[in-house]
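# Breakdown of the fold
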Amino acid sequence: MANKIILISDFNLSNFAACLVNDDALAQTEAALAPFGQVMQILMDSSAACWQDKYDCAVIWTRPEAVVESFSHLLMNEPFDKQELMKEIDAYAQAVKAVSSRVGTIIVPTWVAPAYQRSFGPMDMKYDLGVSNILMQMNLRLAQSFSGSANIHLLNAQRWVENSGKNAFNPKLWYMGKIMFDNEVFREAARDVEAVLKAVAGLSRKLIILDLDDILWGGVVGDLGWENIVLGGHDPIGEAYVDFQKTLKSLSNRGILLGIVSKNEEGIALEAIKNHPEMVLRRDDFAGLRINWQDKAKNILELVSGLNLGLESAVFIDDSPLERARVREALPQVLVPDWPEHPLLYKSFLSGLRCFDMATFTEEDAARSKMYVQEASRRSLQAQVGSLDEWIKNLNIKVAVGQLLENNLTRTAQLFNKTNQMNLATRRLLEDELLRWQGSGSRKIFVFKVSDKFGDYGLTGITSLQMDGNKAEIVDFILSCRVMGRQVEKTMLHVAVKYARSLGAERIKARYIPTEKNKPCLDFWKNSGFEFDKSNFIFSWRGDKIYLASQWITLEEGFNER
Amino acid sequence: MVLINEITELVFRAIDEVNSLLPKDGRIDKDMSVIISGSGAALDSLALVNLVVAVEQEIEKSLGKSIVLADERAMKLENNPFRSIKSLVDYIYEVVR
């Protein structure tokens, strides 16, 4: 389905709309232009004609002098009152926030000034005097104003301008068409807008699968030995490999998982990872690895499914065009970038990829890589203990159930929008929408935190219910793939049924809505003990019956209610 | 000495740029006979602005000359230089040679 975007601006955004709509490399998009030059009126008037249609996203792109009058005085070198200027910014930010009730996602590019505008020349950056300095403070104020609004994304337009070169501001376009920027700026902006919408929809990539030789280091470790691979030292190429590893490490620190798929002798490769003094990434940085001589596509498939992720979560990095072509052909869902030939370009190329862009960042994201490494320890225990029940028993799993509250709202919305496999209805709801849903009628959202003896998974489960007289419906049943298949699902159902029974429910139903990705959810529910009406995918449970939690899991209720 | 072929090529590159902003069914052919302004024009006024600016950028890139095509002199010419791709190419040739 196409993204529907409304563009609100005080300059001509027709070319930007064209970039959003006509670029085949971007997702299908419909863009509508709000009447040009009426920004504040449109933001503040929810009954304006342009709001008759429903949009997924609003891009509100302004020139600072058009919405902040004091800034236009500054440009004329007239006296200006900084307090007044900040008040005007706050009023603008407030008007932007008001749009939240009309669209799910709001994108606001930062204010930028053309490079030819030199203000006081050398004093352009002087505090509270130069135009560039004031503009930076204005953008900072905007960022502060939007910091509590998870659905407002302030995007760095300066980067678009820098990437577009000297024609970014073209006075000819301005005077002939009231077009503020060159098309390269609009193309960069369109790619970033698409990345935001993908991130909001939970479509960001979560896993980087790496080759080893000539990717993490230079040379073939099997031939050279780890002591002689090119990595670090006083050598431009060696330094470039170290910097590339540091960039991977920084992605890992913000929740992107790393894996290895390499044709090598495992022992030799691991020896290099363990022993080379300039390796930035060590064994514990990798959530999974397949180092052998088998087909890489097969290895990737195994690695990804072992991590309970979908192939559409993965990016594969390999220096060999042949291997890249093989993986592209066999696994089209995996993103396989055309990797630069020269190692000096690895870091900048990786940093420029938008596929890892995130719309929110939570504690769970920061800890994700560590959690997957812990998961490897769990799997190793599973191999030792044999039966699934024995394994779950040995994990000492604890599930804490609580309510949806302000302090877990961001993470809850993130789970709603990112979880695909164990997701009953696959409803995509943003923070405001979640609060509104819970606030109307007899509705309740439970959130579940899971931990075991190896570590803490954080908030990974959600169940929502709504009551209608003596009938209860489980509307959402969401569990992160990280904790699937260890009876947490059963415990979540226990909580939901217990709550519904406490309100006098005689029947508890759940409607499964099939998607391309949520068959694991159907499989669980089919084995849940609920009655199953195949004709309309409805599961039901009698309210006079208790639904037992897993005997191997310790349940703590009301963790955030005390 | 700038050749007319060189100018035709750079105008065609500018057409590629403009076409990238147009819907597939609204794109113009790289053909000298295409009418680009006035009655029966294949481009609307915004697309024409985009074409003129794209041509100017191509001239700067390829020939190292910074020129303004849509100036007062051009507008006053009896034969509108922006009428067709051919008239545009001929006009640029006159300006840059």
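Residues numbered from 1 in each chain as written. Chains lettered and ligands numbered in written order. Predicted model: local features only at pLDDT ≥ 70, side-chain atom pairs only at ≥ 80, totals over all residues. Heavy atoms only, no water.

What follows covers the packing of aromatic side chains. Residues and elements named next belong to chain A. Using the criterion set out here, one finds 28 aromatic pairs over all chains in the structure. An aromatic cluster of three or more residues is present, and its members are F477, Y512, F524, W525, F530, F532, F537, F539, W541 and Y547. When the ring centre of W51 is taken as reference, the NZ or CZ atom of R102 above it lies at 4.8 Å. A cation over a ring is seen here: K178 above W174, with NZ or CZ 5.1 Å from the ring centre. (Phe/Tyr/Trp six-rings, centres within 6.5 Å; stacked < 30°, edge-to-face > 60°. Lys NZ or Arg CZ within 6 Å of the ring centre and 35° of its normal.)

Take the side chain of E323 of chain A next. Examined against the element boundaries, E323 of chain A turns out to sit in helix 14 (residues 321-330). When neighbours within four sequence positions are excluded, E323 of chain A is seen to be in contact with K263, K296, F316 and D318 of chain A. (Helix = DSSP H or I, 4+ residues; strand = E, 2+ residues; numbered from the N terminus. Contact = heavy atoms within 4.5 Å.)

Turning our attention to the interface of chain B and chain A. One frequently used descriptor of interface size is the decrease in accessible area upon assembly of the parts. Facing the 18 residues of chain B at the interface are 17 residues of chain A. Both sides of the chain B and chain A interface together cover about 1400 Å² of buried area, and 49% of this is carbon and sulfur. On the chain B side of the contact with chain A, L21, L46 and Q57 of chain B bury the most area, a combined 36% of that side's loss. Seen at the junction of chain B and chain A, the total is nine residue pairs in polar contact (both at pLDDT 80 or more). Looking at the side of chain B that touches chain A element by element, the count peaks at eight residues for helix 2 (residues 45-63) of chain B. (Buried area = accessible area lost by both parts, 1.4 Å probe. Polar contact = N/O pair within 3.5 Å; in protein donor to acceptor, adjacent residues only side chain to side chain.)

Our focus in this paragraph is the packing of helix 5 (residues 82-98) of chain A against helix 6 (residues 131-146) of chain A. All names here are of chain A. With their axes 10 Å apart at the nearest point, helix 5 and helix 6 run at an angle of 40° to one another. Classed by the angle they form, the pair helix 5 and helix 6 counts as oblique. The hand of the helix 5/helix 6 crossing is right-handed. Here helix 5 contributes K82, L85, M86, I89, D90, Y92, A93, V96 and K97 to the contact with helix 6, which in turn contributes I134, Q137, M138, R141, L142, S145 and F146. (Axes fitted to C-alpha atoms, helices over the stretch in contact; angles between N-to-C directions. Parallel < 35°, antiparallel > 145°, perpendicular 65-115°, else oblique. Left-handed = near helix turned anticlockwise from the far one by under 90°.)

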